[in-house]
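# Architecture at a glance
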Amino acid sequence: PHRAAMLRRSNFLPYDGVLYEINDAPIEQEALWSFGHKTHLTYTEYQKELRDQKRLQLQNIVVKQNNTADRDYSKSPYRPLQDFFKVLHKAGKGKLKLNIPPTLTLEESERVIYFTDPQSGVIRRIAGDRCDDVLIADLFGFGYPEENGVQLPHSVIKRMSKGRNDMNLLDYNQFVKTLRDSLDGGMLIQKYIKARGNHPSLYRTTWKRHGASTGVLITGLKSTSMAPKSTIGFNSDYFCASSMDLENNTVLSFKGKATQETHDLCARIVDFVENKEIKCQFNLFVGDFLKDENDKW
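This is a predicted model, so every value here is computed, not measured. (Residues numbered from 1 in each chain as written. Predicted model: local features only at pLDDT ≥ 70, side-chain atom pairs only at ≥ 80, totals over all residues. Heavy atoms only, no water.)

Another aspect to go through is the overall build of the chain. Looking only at helices and strands, the chain has 5 helices and 16 strands in total. Residues classed as buried in the chain amount to 37% of the 297 residues present. Considering only contacts within the chain whose residues lie at least 6 apart along the sequence, 57% involve residues at least 24 apart. (Helix = DSSP H or I, 4+ residues; strand = E, 2+ residues; numbered from the N terminus. Buried < 20%, exposed > 50% of the residue type's maximum accessible area, 1.4 Å probe, protein only. Contact = heavy atoms within 4.5 Å.)

With respect to the helices and strands, Arg 124 occurs in strand β7 (residues 123–127). Considered as a pair, Arg 124 and Pro 102 are 22 residues apart in the sequence and their alpha carbons are 9.9 Å apart.

Reading across from one edge, β15-β14-β13-β16 is the order of the 4 strands in this open sheet, with antiparallel pairing throughout. The open sheet has two edge strands with one neighbour each: β15 (249–253) and β16 (284–289). When strand polarity is set aside, the average angle formed by the axes of neighbouring strands in this sheet is 20°. Contacts from helix α5 (residues 257–274) reach β13 (201–208) and β16, with the element oriented near 60° to β13. (Pairing = 2+ DSSP bridges. Axes fitted to C-alpha atoms, helices over the stretch in contact; angles between N-to-C directions.)

By the bridge criterion, 5 bridges tie strand β6 (residues 110–116) to β7 in an arrangement that is antiparallel. Along β7, the bridge assignment pairs Val 112 with Ala 127. Linking β6 to β7, which pair antiparallel, is a turn of 6 residues; within it Gly 121 sits at a positive phi near 80°.

Let's shift gears to the pairing of strand β4 (residues 38–41). Here strand β3 (residues 33–35) pairs with β4 via 2 bridges, running antiparallel. Its bridge partner being in β4, Trp 33 is matched across the sheet by Leu 41. In textbook terms, the turn of a hairpin is the stretch between consecutive antiparallel strands, and for β3 and β4 this stretch comprises 2 residues, one of which, Gly 36, has a positive phi near 65°.

This next bit is on the environment of Gln 151. As for its placement among the helices and strands, Gln 151 is situated in strand β9 (residues 150–151). In this structure Gln 151 comes out as partly exposed when scored by relative accessible area, which is 34%. When the C-alpha atoms of Gln 151 and Pro 228 are compared, they prove to be 9.3 Å apart, with 77 residues separating the residues in sequence. Leave out the neighbours within four places in its chain, and Gln 151 touches Tyr 144, Pro 145, Glu 146, Asp 171, Phe 234 and Phe 239.

With that settled, the discussion passes to helix α4 (residues 172–180). All buried positions along α4 are accounted for by Tyr 172, Phe 175, Thr 178 and Leu 179. Each buried residue of α4 sits inside an arc of 125° when the element is viewed along its axis, so together they form one side. Those residues of α4 that are exposed and aimed more than 90 degrees away from the buried face are Lys 177 and Arg 180. The distance from a side-chain oxygen at the start of α4 to the backbone nitrogen of Asn 173 is 3.2 Å, and the residue carrying that oxygen is Asp 171. (Arc of directions from axis to C-beta. Polar contact = N/O pair within 3.5 Å; in protein donor to acceptor, adjacent residues only side chain to side chain.)

Considered for burial, the residues of helix α3 (residues 133–140) that qualify are Leu 135, Ile 136, Ala 137 and Phe 140. At the C-terminal side of α3, Gly 141 shows a positive phi close to 90°.

The values are spatial; any link to function lies outside them.
This is the structure:
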């Protein structure tokens, strides 16, 4: 009891069911931490140990393959990555209501743009001669966006490679040059949307037909406001969150209101796609979402 009375000003940290004293440090960054058999770590060293542990855990994940049958999804109308945008729109009634950034797909010199109608909130699609430079510029915007003196990317270009998206950030000049160049292979360009807050972040939600949805919040450790000025391109660490780079990002599970809201968005997409002309059924669907500065998904 006397000891407890003397520790009123001490800070405590709950971890793994145990309450640890943080040496009466005013903030957690100034405390000494321990990890495994290592003691007297600084806060930065402790965070590095956590990231190294997560990296090892991801490396040890074993994916079981089904050896009884090989399935070729190359001709499926519901392929992931950039091809998935093709199924988010259908002619006639029953359109999907969803906020997406203006998205331009380029394949075999054909331009198709998808965007959310500001009046109705549904996804619209424009292709052919109507998808001209004027329309694209109106939807993507002109010039060089910035915030608090920091230049932001104008757009993001994505290419499918080995089952994932290879991504690069573009400024306005690079965006215009990409539209002019005749590049080989399909690609997708999206308007860059800054996530709410000082750090890049995204919510990755896994919707399941049977069982509860789960979600992780992926957050960049580097603040967008601290991005260095550069004439050779953007350092994506300051503008994009990535679960592939645990050295510069954290991955934490999230629950609560955000889980319900992103679950509902996933369920809305699944319901829309399952009721298109070609019938299908999803057992699992993973979607990445972010909240913009206007608090919109």
